[in-house]
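# A closer look at the structure
Here are the chains, one letter per residue:
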Amino acid sequence: MSAIFGIINKNGRPVEQEITNKMQQAIAHRATDGKGLWNEANAVLGFCKLIIYPQQKDEQLPIEAGDIAFTADARIDNRDELYSKLNLDKQQWQNEADSYLILKAYLHWGEKCVEHLEGEFVFAVWDKVSQQLFMAADQIGFRPVFYYDSPDTFIFCSEIKGVVAAKTTPNYFNEEHLIEYHFRQSDPAQTYNKEVFALCGGNTLKLLNGQIQKSKYWTLEDRGRYNFTSDEDWIACLRDLMYKAVEKRLNPDVPIGVTLSGGLDSSSLACILSDLLAKKNKPLYAFSSVLPLNHGGIEQDERQYIEIVNKHCPNILQTFVEAPGVGPFDDVAAAFDKDESIPNAFFYMDQALLLAAQGKNIRNLFTGFGGDFWVSWKGNSVVYLLMQQGEYKTAFALLKSLAKTNDANLQSLTKSDWLFYTQAWQQLRKLKPKPKVDWQLQTVLRPELVNKYKHGFDFSPEADQRIAMRNLLQSGNIARLLGTFANRNGNYGMGTADIMFDRNIMEFLIEAPVNVFNFKGYKRGLIRHAMEGVLPPEIQWRKDKLPYNPDFSRRSINGRDKLYKIIAAKHSNWMFDKYFSKEIIDNYFDAIKPFAGFSSPTNIIGIRITQAGITCEVLNYLHQKGFFFE
């Protein structure tokens, strides 16, 4: 993806060239295919160009149109609709950049243009006369943008490092970022820098008279678009929407890649991509995390299922990625610079896959990330929701069907798929004695830090996935994840395509009846049946998905010396006084054991201990860069 940036001096003073230069240098890696700068009086707008789609070839931004200046990072999906609404000649405009269509839409509808745009975008408009800035992020939040606001200056950029380079106030670490990293229970708009915030999906921001005003222009709602009378029609519609979501993100003139794990989501995506590219006589490059062929440990990987997909899709060119000799305590600072958040415990494999894709000159990398949020949701609460709707006969029939297809005990399914979600069960759970090591088994953070924030924690399960997903999108949780992937890929000169959160798919699922997620008694029944004839049967009906990074525990154990070197260093003492517990690491590190599948009870504490080591490296790095820690 491309990148945008800007500086507005509210006091009317010209923007210093030195500040602009620092900002450009901080994000120079994003200017793969060119750059642009607009500067007039107290305002600067900028653009870093990364070509993913043909229309971007001649794109020149920022652009001035009368009294406004404009910059954007965009892919627009409803071009034909906009041609008609804006009375534009399709033949004349079909090769123009999507950003220019946004500008036309803004000139026609003003700030309400966002209600007419579909796709992935972030853009900024500066009105020279009114001295007003208007910014908007797409409905889901695929393209990130961050901002800083002070009495004298407003700064925005696609990457946090650009904002940090331009602001002149001291940098303070935001300890709430630790809470978000460990629990996903804080405001997603916050970042590791206490003065820098994210403009999340579905939001606009206006700067007028020195004050900012954010507004939500889109939320996920049931708009009554779909009125199918049969479950089969719902299933066919999802298949159609998934094909469309892939096709509109596809530029077959550049090398296309996919991360393939062998599971339902990534395999569905790979098969759709393979089908579409084969019709254009183009290859699909697949990149997969696997164990070495001579691996002798207990761990198992997905190689056999990946090979099944490869055989099914003859135009796939497969790259197996093993990432030998690296682990979660290696090159943490470099990973943090790319992610602009504390890296996850498996970042080394993420980076290895991207390096492999970069080596094949991939320009757009597709992922099946997030399918299990909703598209391939297991539907564990479907029986409960049917009971809530008074559909008792349907719910009981579904329980029997689930027991048959999953070779499960009807009594245990009744407990897991119905009783678990009832208020009576939740009350009984509260009466159960708490373990002596309540928070320690979930985090390595010091109890006093956790206690400071845990009053706002809510880990209770949300039975209705429609409500859960609406909340995740509304809050910005999804946007921050997608934005991290977009910027991470940008560091490798490629875009990312995360189709499982496509807006049209989201708006379809909010209307879908809950029973289709367990269609014919299958967990993940919706996607299984939607991919009939697309997926090989061995993938379509499999029930034994293995971890993405199966030797994570072994790599953590092998990194023990590095971890203890990190925590024993004198310059780390302050972090353990303030944030982490050495005692928990000492008490539980030996409990980490290599395991097969997801069955090990030591998996969570292993991840938490690893997170502590990663976080220490990040905090030391920020400390060296001059950050303050209150």
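Now for a description of the structure that goes with this document. (Residues numbered from 1 in each chain as written. Predicted model: local features only at pLDDT ≥ 70, side-chain atom pairs only at ≥ 80, totals over all residues. Heavy atoms only, no water.)

All right, on to the sheet that holds strand β2 (residues 35-40) then. The strands that make up a sheet pair up through hydrogen bonds in the backbone, lying either parallel or antiparallel. Ordered in space as β2-β3-β1-β9-β8-β10, the 6 strands form an open sheet in which the pairing is antiparallel. Among the strands making up the open sheet, the edge pair consists of β2 and β10 (197-198). Here 4 bridges tie strand β8 (residues 146-149) to strand β9 (residues 153-157), and the two strands are oriented antiparallel to one another. Along β9, the bridge assignment pairs Y147 with F156. Across the face of the sheet, helix α1 (residues 17-26) comes into contact with β1 (3-9), β2, β3 (43-48) and β9 while running at roughly 160° to β1. (Pairing = 2+ DSSP bridges. Helix = DSSP H or I, 4+ residues; strand = E, 2+ residues; numbered from the N terminus. Contact = heavy atoms within 4.5 Å. Axes fitted to C-alpha atoms, helices over the stretch in contact; angles between N-to-C directions.)

What follows covers the nonpolar core. Of all hydrophobic cores here, the largest spans 124 residues; its most connected members are F123, F156, M242, F366 and M506. Broken down by element, this core gets its largest block of residues, 9 residues, from helix α7 (residues 231-247). Not counting residues up to four positions away in its chain, the partners in contact with F366 are V246, R249, L250, I256, G257, V258, T259, L269, L273, A497 and I499. Core analysis: the second largest hydrophobic core is formed by 80 residues, C200, Y348, Y453 and L622 among them. (Core = buried A, V, L, I, M, F, W, Y, C linked by side-chain atoms within 4.5 Å. Buried < 20%, exposed > 50% of the residue type's maximum accessible area, 1.4 Å probe, protein only.)

Right, let's talk about the pairing of β1 for a bit. Among the 7 residues that make up β1, 7 are buried, leaving the element largely enclosed by the rest of the structure. The side-chain alternation of β1 yields two buried faces, one formed by A3, F5, I7 and N9 and the other by I4, G6 and I8. Of the pairings in the sheet, the one linking β1 to β3 comprises 6 bridges and is antiparallel in character. Within β3, the residue paired with F5 across the bridge is G46. Here 5 bridges tie β1 to β9, and the two strands are oriented antiparallel to one another. Within β9, the position partnered with N9 by the bridge is T153.

The final tally for this structure, using the stated rule, is 34 aromatic pairs. Aromatic pair F183 and F457: ring centres 4.9 Å apart, planes at 45°, arrangement tilted. Remark: F457 occurs in the loop between α16 (447-453) and α17 (465-475) and F183 occurs in helix α6 (residues 176-183); sequence separation between them is 274 residues. Overall, F183 belongs to the buried group, its relative accessible area being 6%. Taking 5.1 Å as the distance between ring centres and 70° as the angle between the ring planes, the aromatic pair formed by W377 and F517 counts as edge-to-face. You can see W377 sitting in the loop between β16 (364-367) and α12 (382-388) and its partner F517 sitting in the loop between α19 (503-509) and α20 (525-530), a full 140 residues away along the chain. Counting every residue linked through ring pairs, the aromatic cluster contains F173, W574, F576, Y579, F580 and F629. One Lys or Arg, R249, reaches over the ring of F142 and ends 5.4 Å from the middle of that ring. Against the face of F576 rests K582, its NZ or CZ located 5.2 Å from the ring centre. (Phe/Tyr/Trp six-rings, centres within 6.5 Å; stacked < 30°, edge-to-face > 60°. Lys NZ or Arg CZ within 6 Å of the ring centre and 35° of its normal.)

Here the focus is the sheet that holds strand β11 (residues 203-208). The sheet built from 6 strands is open, its strands ordered β4-β5-β6-β7-β11-β12 with antiparallel pairing. Among the strands making up the open sheet, the edge pair consists of β4 (63-65) and β12 (211-216). Each adjacent strand pair in this sheet contributes to an overall mean axis angle of 20°, direction not counted. Pairing between strand β6 (residues 119-127) and strand β7 (residues 132-137): 6 bridges, direction antiparallel. What sits directly across from W126, in β7, is L133. Each of β4, β5 (68-76), β6 and β7 is contacted by helix α4 (residues 98-109), which is oriented at about 125° to β5, the strand it contacts most.

Where helix α13 (residues 392-405) meets helix α14 (residues 410-417), the closest approach of the two axes is 9 Å, and the angle between their N-to-C directions is 120°. By the criterion of interaxial angle, the relationship of α13 to α14 is oblique. Seen from above, α13 lies across α14 with right-handed handedness. Of α14, the residues touching α13 (which contributes L399, K400, L402 and A403) are L410, L413, T414 and D417. A per-class count over the contact of α13 with α14 returns 5 nonpolar, 1 polar and 2 charged. (Parallel < 35°, antiparallel > 145°, perpendicular 65-115°, else oblique. Left-handed = near helix turned anticlockwise from the far one by under 90°. Nonpolar A, V, L, I, M, F, W, Y, C, P; charged D, E, K, R; others polar.)

Bringing unusual backbone geometry into the picture now. Omega for the bond connecting L61 with P62 falls within 30 degrees of zero, at -5°, which places this linkage in the cis form. The backbone of R184 shows a phi angle near 55°, a positive value even though the residue is not glycine. Tracing the chain through its elements places R184 in the loop between α6 and β10. Accessibility expressed as a relative area gives 49% for R184, which makes it partly exposed. Non-glycine residue R524 carries a positive phi angle of around 60°. Here R524 lies in the loop between α19 and α20.

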